[in-house]
There are 2 protein chains.
Amino acid sequence: MFTLAEENYLKAIFHLEHELQGEVSTNAIAESIETKPSSVTDMVQKLAEKKLLTYKRYKGVQLTAEGKKVAINIIRKHRLWEVFLVEKLNFHWDEVHEIAEQLEHIQSEELITRLDKFLGSPDFDPHGDPIPDKHGVLKRTEKKLLSEIEKNQQGVCVGVKESSAEFLQYLDKKKISIGTKIKVLGKEFFDGSMIIQVGNEQFFISHIIAENLYVQIQE
Amino acid sequence: MFTLAEENYLKAIFHLEHELQGEVSTNAIAESIETKPSSVTDMVQKLAEKKLLTYKRYKGVQLTAEGKKVAINIIRKHRLWEVFLVEKLNFHWDEVHEIAEQLEHIQSEELITRLDKFLGSPDFDPHGDPIPDKHGVLKRTEKKLLSEIEKNQQGVCVGVKESSAEFLQYLDKKKISIGTKIKVLGKEFFDGSMIIQVGNEQFFISHIIAENLYVQIQE
DNA sequence: TTATATTTTTAGATTAGACTAAAAATAAAA
DNA sequence: TTTTATTTTTAGTCTAATCTAAAAATATAA
Ligand SMILES: [Mn+2]
Ligand SMILES: [Mn+2]
Ligand SMILES: [Mn+2]
Ligand SMILES: [Mn+2]
């Protein structure tokens, strides 16, 4: 149906639309998929002709409903495969992204239907990201960045914003994973750093860490 | 490591070397991967430069040890994925080949190691074809074509030579699958057709069928 | 508002892989 | 052993996806 490159562009643009809240620039796309802006212009013109996005010269792009549908389906496949790799093959959560980047392009509706069933129709992937259902509907949960919660509040970790192997390994070292309870003991106004409690341990984390961890507040 | 096209050529050449018992011609490759002979010449020259096969103009090609290693690894992946699709996702044996053609190109040693373990290190795929181990070693079994066995002998089906969906569906209709006992009740010298017994049923099969079914003779 | 900087697009080149048409080598038939 | 047929290779073209360099548009600063 679509080429590997086309699928990767659509997925990247979809993610950028959410991060940037609106129109996505040529440079933003180029940076995100590690290519040159001139290459992006070419591809974006091709995708516009195929009605997967709208494009006005110098004005950036926006996915059409059809483009979104394609992107969401790739994301669905990516996240289902990540669940498979962690739940069934016992990969660790910092090892699965690269492999899922390949698996997400396998073309077979039936395969995904069956994989989903085999995995028990999971709602979230190993990084806490929601898995769209077959109609593209995402389960919404109200989660907050750890950096947004107040002193003495407590939450349970439900996801990571950044999901590089390096960050995930840092979290492992600190014994933080999906489901871990985190209590904010102190918060430094100046630099946003925090003292938090995880299990019996209390330690310092920088703002960078706090704004890449999603938590659900607990009373 | 290798491109999709390169992998497909190596795999096709490997299979042809076995079918044709020796040197593989340009035309044979072209037919097998459904491309033009001129395209094959190009690719074969490229693979020769990479030392994956030896090539003499107008003389056909032969895989090097390295070329064989690559080909066998792809076949290993293909067959392991087929087992996964049938055993875990409950696909039928006539539905898995096309999907495995895609999955066999996923690049990750670790993935295959874990998949193999998850599946219980199977020795055969759903069509009865042997799965090479991680060193490329194939489990050899003495099996015969049904067409080669004599009247009143009996065997158990251990594999199919042809594994197109059409042929597999024919076998389903006749209630023949891996493990099925087959007894030869009659054999027509003229055209090689047979009367066989499968379970309680007795029926006629043509030579074409008999020479695409592998059996292991039982006393 | 004019000058400068940044972003984006165009023009032209490159690579992998495939194709067609024609030439060259080899095999088969007369 | 010529002639004819088949197989294989070469030469040249095409498309997808990328790149560099330069031009054009837009944004920012003086
Ligand atoms: Mn991922
Ligand atoms: Mn993920
Ligand atoms: Mn197969
Ligand atoms: Mn098979």
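Refer to the structure printed above.
Overview of the structure. (Residues numbered from 1 in each chain as written. Chains lettered and ligands numbered in written order. Predicted model: local features only at pLDDT ≥ 70, side-chain atom pairs only at ≥ 80, totals over all residues. Heavy atoms only, no water.)

Some points on the interface of chain A and chain B
- Contacts between the two partners involve 20 residues from chain A, matched on the other side by 20 residues from chain B.
- Note on chain A versus chain B: buried area summed over both sides is about 1600 Å², and carbon and sulfur give 73% of it.
- Three residues stand out in chain A for area buried against chain B, namely Leu89(A), Gln102(A) and Arg114(A), and they jointly supply 32% of the buried area on that side.
- Linking chain A to chain B there are 0 salt bridges. (Contact = heavy atoms within 4.5 Å. Buried area = accessible area lost by both parts, 1.4 Å probe. Salt bridge = Lys/Arg side-chain N within 4 Å of Asp/Glu carboxyl O.)

Concerning the relation of the copies chain A and chain B
- Overlaying chain A with chain B gives an RMSD of 0.1 Å, the required rotation being 180° about an axis along which the chain moves by 0.0 Å. Such a combination of turn and shift is consistent with a two-fold rotation axis. Taking the C-alpha atom as reference, chain A places Leu103(A) closest to the rotation axis, 3.8 Å from it.
- A shared interface surface links the copies, since 100% of the contact residues of chain A are contact residues in chain B too. (Least-squares fit on C-alpha atoms with pLDDT ≥ 70 in both.)

Side note on helix α7 (residues 165–173) of chain B
All names here are of chain B.
- Among the residues making up α7, those that are buried are Phe167, Leu168 and Leu171. Along the long axis of α7, the arc covered by the buried residues comes to 100°, so they all point the same way. Away from its buried face by more than 90 degrees, α7 exposes Glu166 and Lys173.
- Packing partners of the buried residues in α7 comprise β4 (154–160), α8 (207–210) and β8 (213–218).
- Of the residues trailing α7, lysine 175 is marked for its positive phi of about 60°. (Buried < 20%, exposed > 50% of the residue type's maximum accessible area, 1.4 Å probe, protein only. Helix = DSSP H or I, 4+ residues; strand = E, 2+ residues; numbered from the N terminus. Arc of directions from axis to C-beta.)

Re the packing of helix α4 (residues 65–88) of chain A against helix α6 (residues 109–118) of chain A
All names here are of chain A.
- Axis separation between α4 and α6 bottoms out at 10 Å; the angle between their running directions is 45°. Between α4 and α6, the angle is such that the two are oblique. In this structure, α4 meets α6 at a crossing whose hand is left-handed. Judged by residue contacts, Asn73, Arg76, Lys77, Leu80, Trp81, Phe84 and Lys88 of α4 engage Glu109, Leu111, Ile112, Leu115, Asp116 and Phe118 from α6.
- Of the residues that constitute the contact of α4 with α6, the class distribution is 7 nonpolar, 1 polar and 5 charged. (Axes fitted to C-alpha atoms, helices over the stretch in contact; angles between N-to-C directions. Parallel < 35°, antiparallel > 145°, perpendicular 65-115°, else oblique. Left-handed = near helix turned anticlockwise from the far one by under 90°. Nonpolar A, V, L, I, M, F, W, Y, C, P; charged D, E, K, R; others polar.)

Topic: the coordination of the manganese ion (ligand 3)
Residues and elements named next belong to chain B.
- Within the protein, the manganese ion (ligand 3) binds to His78 (NE2), Glu82 (OE) and His97 (ND1); these donor distances fall in the range 2.0 to 2.1 Å.
- Considered as a linear motif, the donors of the manganese ion (ligand 3) on their single chain read H-x3-E-x14-H.
- Between the two metal centres, the manganese ion (ligand 3) and the manganese ion (ligand 4), the spacing is 3.4 Å, with glutamate 82 acting as a shared donor. Of the two residues, histidine 78 and glutamate 82 are both situated in helix α4 (residues 65–88); the distance of 4 residues between them amounts to about one turn of the helix.
- On the basis of relative accessibility, which here comes to 8%, the residue histidine 78 falls in the buried class.
- Accessibility expressed as a relative area gives 1% for glutamate 82, which makes it buried. (Donors = N, O, S within 2.8 Å, 3.2 Å for Na, K, Ca; no water.)

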